[in-house]
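Chains, contacts and geometry: an overview
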Amino acid sequence: MTLPKFATIRISLLLGVLLVVGFTSTHQRVYSRNWNQTLQAVIYPINGDGHLETDRYIRSLQDANFSRINRWGEREAKRHNLDLSVPLNVTLGEQIPTQPPSFPDNANAVDVLVWGLRFRYWAWRNTPDDGSLTRVRLFVVYQTGEENRPLRHSLGMQKGLMGLVYAYSLEEQNDQNNIVIAHELLHTVGAIDKYDESGRPLMPVGLANPSRNPLFPQRSAEIMAGRIPTSAHSSYMAESLRSVIVNATTAAEINWTD
Ligand SMILES: [Zn+2]
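As the structure is a computational prediction, the values presented were derived from the model and not from experiment. (Residues numbered from 1 in each chain as written. Predicted model: local features only at pLDDT ≥ 70, side-chain atom pairs only at ≥ 80, totals over all residues. Heavy atoms only, no water.)

Let's talk about the coordination of the zinc ion
This is how the line gets drawn: Because no water is among the atoms considered, metal sites can look incomplete, with donors defined as N, O and S atoms within 2.8 Å of the metal, or 3.2 Å for Na, K and Ca. Only protein chains enter the accessibility calculation, which uses a 1.4 Å probe; a residue whose area is less than 20% of its type maximum is buried, one above 50% is exposed, and one in between is partly exposed.
Binding of the zinc ion to the protein goes through His183 (NE2), His187 (NE2) and Asp193 (OD), at separations of 2.1 Å. Sequence spacing of the donor residues for the zinc ion, all on one chain, is H-x3-H-x5-D. The class for Asp193 is partly exposed, based on a relative accessible area of 28%.

Here's the deal with the side chain of Arg137
Applicable threshold: The way it works is that DSSP assigns letters per residue, a run of H or I at least four long becomes a helix, a run of E at least two long becomes a strand, and they are numbered from the N terminus. For this analysis, a polar contact is any N or O atom pair within 3.5 Å, provided that within protein one partner can donate a hydrogen and the other can accept it, and provided that sequence-adjacent residues contribute only side-chain to side-chain pairs.
Note on placement: Arg137 falls in strand 3 (residues 135-143). Residue Arg137 is classed as buried on the basis of its relative accessible area, which comes to 4%. Of the polar contacts made by the side chain of Arg137, one reaches the backbone oxygen of Thr127; its length is 2.8 Å.

Describing the nonpolar core
Counted only if it meets this: For this analysis, a nonpolar core means a set of buried residues of the types Ala, Val, Leu, Ile, Met, Phe, Trp, Tyr and Cys, connected via side-chain atoms within 4.5 Å. Reported domain spans reflect what an automatic or database domain assignment gives.
Formed by 40 residues in total, the largest nonpolar core has its most connected members in Trp72, Leu186 and Ile223. Within the residue set of this core, elements represented by two or more residues are strand 1 (39-47), helix 2 (52-60), helix 3 (67-79), strand 2 (88-92), strand 3, strand 5 (162-168) and helix 5 (174-188). Each of domain 1 (17-188) and domain 2 (194-258) accounts for three or more of the residues forming this core. Of all hydrophobic cores here, the second largest spans 16 residues; its members include Val42, Trp122, Met157 and Tyr166.

Brief notes about unusual backbone geometry
Residue Pro204 is bonded to the preceding Met203 through a cis peptide linkage, with omega at -5°. Mapped onto the elements of the fold, Pro204 is located in the loop between helix 5 and strand 6 (221-222). Backbone torsion omega between Phe216 and Pro217 reads -5°, so that peptide bond is classified as cis. In this fold, Pro217 is placed in the loop between helix 5 and strand 6. The phi dihedral of Trp35 is positive, around 55°, even though this residue is not glycine. Here Trp35 shows up in the loop between helix 1 (5-31) and strand 1. Note on Trp35: relative accessible area 5%, which makes it buried. In this structure, Asn255 is a non-glycine residue whose phi angle is positive, near 70°. Here Asn255 lies in the segment after helix 6 (248-253).

Examining the sheet that holds strand 3
The following threshold applies: Each pair of strands is called paired provided DSSP finds at least two bridges between the two strands. Only the contacting stretch of a helix is used when fitting its axis, a line to C-alpha atoms as for every element, and angles between N-to-C directions run 0 to 180 degrees. Contacts between residues were defined by any pair of non-hydrogen atoms, one from each residue, lying within 4.5 Å.
The strand order across the open sheet formed by five strands is 2-1-3-5-4, and the pairing between neighbours is mixed. Strands at the two margins of the open sheet, each flanked by one partner only, are strand 2 and strand 4 (155-157). Direction aside, neighbouring strands of the sheet carry axes that sit 25° apart on average. Against the sheet, helix 5 contacts strand 1, strand 2, strand 3, strand 4 and strand 5, and its axis sits at roughly 170° relative to strand 5.

Concerning the pattern of salt bridges
Opposite charge on two side chains permits them to pair, given that their charged atoms come into close proximity. Definition in use: The working definition used for a salt bridge is a side-chain nitrogen of Lys or Arg within 4 Å of a carboxyl oxygen of Asp or Glu.
Using the criterion set out here, one finds six salt bridges in the structure. A salt bridge links Arg59 to Asp55; the shortest N-O distance between them is 3.3 Å. With Arg59 and Asp55 both in helix 2, this residue pair falls four residues apart, about one helical turn. For Asp55, a relative accessible area of 22% corresponds to the partly exposed category. Close ionic contact of Arg68 with Asp175 constitutes a salt bridge, the shortest N to O distance being 2.8 Å. With Arg68 in helix 3 and Asp175 in helix 5, the pair connects residues that are 107 residues apart, well separated along the chain. On the accessibility criterion, Arg68 (27% relative accessible area) is partly exposed. A network of salt bridges, in which partner residues are shared, links Arg75, Glu76 and Arg79.

Below is the structure:
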């Protein structure tokens, strides 16, 4: 049996992408995490629901909307005695007019692999590689959101230094959007999630300060957990990066500390 022609073309394209990405991602993994220079991250906004309001919101975005992430990076790097004083520089890029392939529901390993390739192919077509080994591309899909319906799950990939973020196109959500963006950005440099299936911070790695005495209530959230525990069983969402920190475990994962 022969494959239909379009299928053959698609498979060859995917294989080609796979070869190129496999080659570059090894280099990216090394250079993005040696912290000799600032990690550049570009936000590419996407209108996820086609609403005019979302369009207006995207057009109102400026670099300044994300500069709090950069200041937060400086603050946290200093706490961990990183030699580099400005580890992160998040800036705004151009709006992208097409939608990224959405992550499959109930995906198995093959689905995830195929989605990953499609996503990277889509990213390459919309934001051609500039050859930089330390540039992170964060595709942020903005939506006004529907009541009682959570947005799709955001994700950050170390391979290819890319993130797909689902965020609200609402002024009052800017601070929380920045938490999600910072979270996915740290995934791209090796940080691992620190919450369980129900969203509760893992103990003790998901705590901002695991050696606090008494342990609860915690004052801040850990960036890879996102919630501030008030007891072993209760926690609430951090409102802004002001009350979010990088704990020792995450600092080691992203190679800030040994
Ligand atoms: Zn995560």
